[in-house]
Amino acid sequence: MIIYLDKDFKCHVADDGNMTAHETEFFNGKCRAYIEGFRCVPHGESFNGIIAVGDMYFPWTDISILKAAQAEYEEMKSALEVMEVTI
Amino acid sequence: MIYGNALMPGGSGKAGATLTVSAPLGSVITISKDGESYSSSLLPAVFKGLSSGTWTRTATLNGQTSEKFIQIVADYVDTVEYFAATINVTFPAGSIVECRQGDYVIATTNTSGQHSFHVPYPGTWTVSCTDGTDTAETSVEITENGQTVSIALSYQLVLLDGANTFDDVTGGWSGYSSLDENGLYVQGQTGSALASTKTARTANTFERGSYTVLKAIVSDADDVGWGNYEDRVYSQISFGEAAVIVPETNDEQTVTLELGSVQSGQVAITATGGYYDAVNMYAKIRVKKLWLE
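Residues numbered from 1 in each chain as written. Chains lettered and ligands numbered in written order. Predicted model: local features only at pLDDT ≥ 70, side-chain atom pairs only at ≥ 80, totals over all residues. Heavy atoms only, no water.

### Description of the packing of aromatic side chains
Enumeration over the complete set of coordinates arrives at 13 aromatic pairs over all chains. An angle of 75° between the planes, with centres 5.4 Å apart, marks the rings of F27 of chain A and F38 of chain A as edge-to-face. Here F27 of chain A, found in the loop between β3 (20-23) and α1 (32-35), pairs with F38 of chain A, found in strand β4 (residues 38-41); they are 11 residues apart in sequence, far enough to count as distant. Taking relative accessible area as the criterion, F27 of chain A reaches 1% and is therefore assigned buried. Here the aromatic rings of Y38 of chain B and W55 of chain B are separated by 6.2 Å at their centres, their planes lie at 35°, and the arrangement is tilted. (Phe/Tyr/Trp six-rings, centres within 6.5 Å; stacked < 30°, edge-to-face > 60°. Helix = DSSP H or I, 4+ residues; strand = E, 2+ residues; numbered from the N terminus. Buried < 20%, exposed > 50% of the residue type's maximum accessible area, 1.4 Å probe, protein only.)

Structure (structure tokens):
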């Protein structure tokens, strides 16, 4: 999938016109709230004094909130799939 | 100078508490506070008319020394037991190291990276070091007279080094392809229509505490594969939800993972593999050393 990185390497699912596109499989299956709680520092870029060797992914906000959002997303997705089968 | 079993000059009407010290035969007892100092070689040693506050009681016998802080608020009875144990510590050179039990601190100007603390009584002693930025400490239980304990302080928490998996810290590693003096090797699975990932991970979950990054020295990380699906095979190192994808090269490299907001997690090394476009492809990685910093 394509994600978009702002100047602080925070991930976004849509480009506001000032972001950098980045292809990754790290967020496959993840909802928007989860993705946008992460930073992605591509290989060779510098962040916080660290030069990323390999793409680096880490949450910039409370990971428990992101996990809760992902759990809710998966619950809704399962419910939708059940409804589709029923119909 | 007040001697044991003597009354204070001026008679028994002197105000203040009485300290009685029993000790092995031949001991010399000295008490001191705020520049005052009194000694006795008569046993038990009795010191009368003491002002309230903290007195230091020292006993010596044949090269042994016992020291104790005694809070005087009323008459007090003390018994000397000679005790000595040694805590040998290695620590990052240039750091300040100390050994402490409660308010009793043993300091040193030795910053060489190796020091021996001689502790005067049993109990839990905390040895700590700092370089002004990082701090490391560990507690040591001292129970026996003559006991010697060796500890190592480091600003790093090493989780893997060659064949050493630090099981007392990690709980052991599982899921790897092989382990030897060159490190832990993980190789993705192939030969199936479905992608198959091989993951080595620690049994224990870690709290990051003051650590901010996970680092690894790796090699042999060049994927085996080509074509449209080559980017499906990759290796990564992770701490909980945070992960870093390892660049594809067989050369030795140091990989750093910023932990971000992740507070706890298992440490894992993953290599993917699969069968794409009728071609077996797999990622691989050898981790020589892995640590939290």
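Having seen it, we continue.
### Side note on the pattern of salt bridges
Oppositely charged side chains may form a pair once their charged atoms are brought near each other. Residues and elements named next belong to chain B. The full count for this structure, using the stated rule, is 10 salt bridges over all chains. Note that R100 is salt-bridged to E98, the shortest N-O span being 3.1 Å. Classification of R100 as partly exposed rests on a relative accessible area of 35%. For K215, the salt bridge goes to E293, with nearest N and O atoms at 3.5 Å. You can see K215 sitting in strand β21 (residues 213-219) and its partner E293 sitting in the segment after β29 (284-292), a full 78 residues away along the chain. (Salt bridge = Lys/Arg side-chain N within 4 Å of Asp/Glu carboxyl O.)

### Side note on the sheet that holds strand β5 (residues 53-61) of chain B
All names here are of chain B. One open sheet accounts for 4 strands, arranged β3-β2-β5-β6; its pairing is antiparallel. Because the sheet does not close on itself, it has two edges, and the strands there are β3 (36-40) and β6 (64-72). Taking each pair of neighbouring strands and ignoring which way they run, the sheet shows an average axis angle of 20°. Note that β5 and β6 share 9 bridges and pair antiparallel. Considered in β6, the bridge of A59 is made with S66. (Pairing = 2+ DSSP bridges. Axes fitted to C-alpha atoms, helices over the stretch in contact; angles between N-to-C directions.)

### A look at the interface of chain A and chain B
Between chain A and chain B, the contact holds 19 residues from the first and 19 residues from the second. Carbon and sulfur atoms make up 58% of the surface buried where chain A meets chain B, a total of about 1500 Å² over both sides. Contact with chain B buries area across many residues of chain A, yet E25, I50 and V53 of chain A alone supply 32% of it, more than any other trio. The interface formed by chain A and chain B holds 1 salt bridge in total. (Contact = heavy atoms within 4.5 Å. Buried area = accessible area lost by both parts, 1.4 Å probe.)

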